[in-house]
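Chain and residue survey
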Amino acid sequence: MPSAQAPADPAETEPGLLPEAQALVEAFCRHGASIIIGVIGLSGRPLAGVALGCAEFGPNKVRVLLSRPLNSELLLGLMRNSRIALTVSEVPTHRSIQIKGEGAVLLAAQAEDLRIAKRQLRAFRDQLIDAEYGEAFATAYCRFDPAEAVAVEFIPRAAFTQTPGPRAGERLQESVR
């Protein structure tokens, strides 16, 4: 007789991103956002890196751009373990959404990816200047060499609020319709 297994959490097994999370991340990126990628490194310890932009953010696929030289160790860890976390934060408010995913793959950056990254980095630069980080710092922080950009695509599995406060870390739930 086969043993009974507990049903899997659909948010952990079925692809799909909640419309609320998708809308927030798209708005954050459009207006200038900090984008952080987290993976498990080769040593088994967490690694974080800064993304250049989010080229595609859909319910079944996320595509972000990274600088290969600045994230070489992170990319090696990602090739070994394809689980990934993407945290997108709005600069002035620190409102943040974290998307956890899997199946991450490394791909060549396309011309459209680079156009999107440049547009998002210009907006992020402006947000940093508005937050009084200074123009020189903001410009240097947002500079990148397009020839060194790579794309990472992954399947989103769950979304969480990461905004500081009592709801930080809560899973975004689909609202009852």
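The preceding data block contains the structure.
Residues numbered from 1 in each chain as written. Predicted model: local features only at pLDDT ≥ 70, side-chain atom pairs only at ≥ 80, totals over all residues. Heavy atoms only, no water.

**Points about the nonpolar core**
One finds Ile37 and Leu86 to be the most contacted residues of the largest nonpolar core, which totals 30 residues. Examining the composition of this core, we find that five residues originate from one element, helix α2 (residues 19-31), more than from any other. Residues within four places of Leu86 in sequence aside, it is in contact with Ile35, Ile36, Ile37, Phe57, Val62, Val64, Ile97, Gln98, Ile99 and Phe154. (Core = buried A, V, L, I, M, F, W, Y, C linked by side-chain atoms within 4.5 Å. Buried < 20%, exposed > 50% of the residue type's maximum accessible area, 1.4 Å probe, protein only. Helix = DSSP H or I, 4+ residues; strand = E, 2+ residues; numbered from the N terminus. Contact = heavy atoms within 4.5 Å.)

**Describing the sheet that holds strand β4 (residues 84-90)**
Ordered by their spatial adjacency, six strands build a closed barrel running β1-β2-β3-β6-β5-β4, and the pairing between neighbours is antiparallel. On average, each strand axis in the sheet is inclined to that of its neighbour by 45°, with strand direction left out of account. As judged from the 10 bridges shared by strand β5 (residues 96-108) and strand β6 (residues 149-161), these two strands associate in the antiparallel manner. Bridged to Gln98 within β6 is Phe160. Sheet strands touched by α2: β1 (33-40), β2 (46-57), β4, β5 and β6. Its angle to β5, the strand with the most contacts, is close to 75°. (Pairing = 2+ DSSP bridges. Axes fitted to C-alpha atoms, helices over the stretch in contact; angles between N-to-C directions.)

**Section: helix α3 (residues 72-80)**
Buried within α3 we find Leu74, Leu75, Gly77 and Leu78. An end-on view of α3 places all buried positions within 160° of arc, on one side of the element. Residues of α3 that are exposed and angled more than 90 degrees away from the buried face: Met79 and Arg80. Of the surrounding elements, those touching the buried residues of α3 are β1, β2, β3 (62-67), β4, β5 and β6. (Arc of directions from axis to C-beta.)

**Let's talk about the side chain of Gln127**
Position of Gln127 relative to the elements: it lies in helix α4 (residues 111-130). When its relative accessible area of 18% is taken as the criterion, Gln127 is described as buried. A distance of 3.0 Å separates a polar atom in the side chain of Gln127 from the backbone oxygen of His31. Not counting residues up to four positions away in its chain, the partners in contact with Gln127 are His31, Gly32, Val91 and Pro92. (Polar contact = N/O pair within 3.5 Å; in protein donor to acceptor, adjacent residues only side chain to side chain.)

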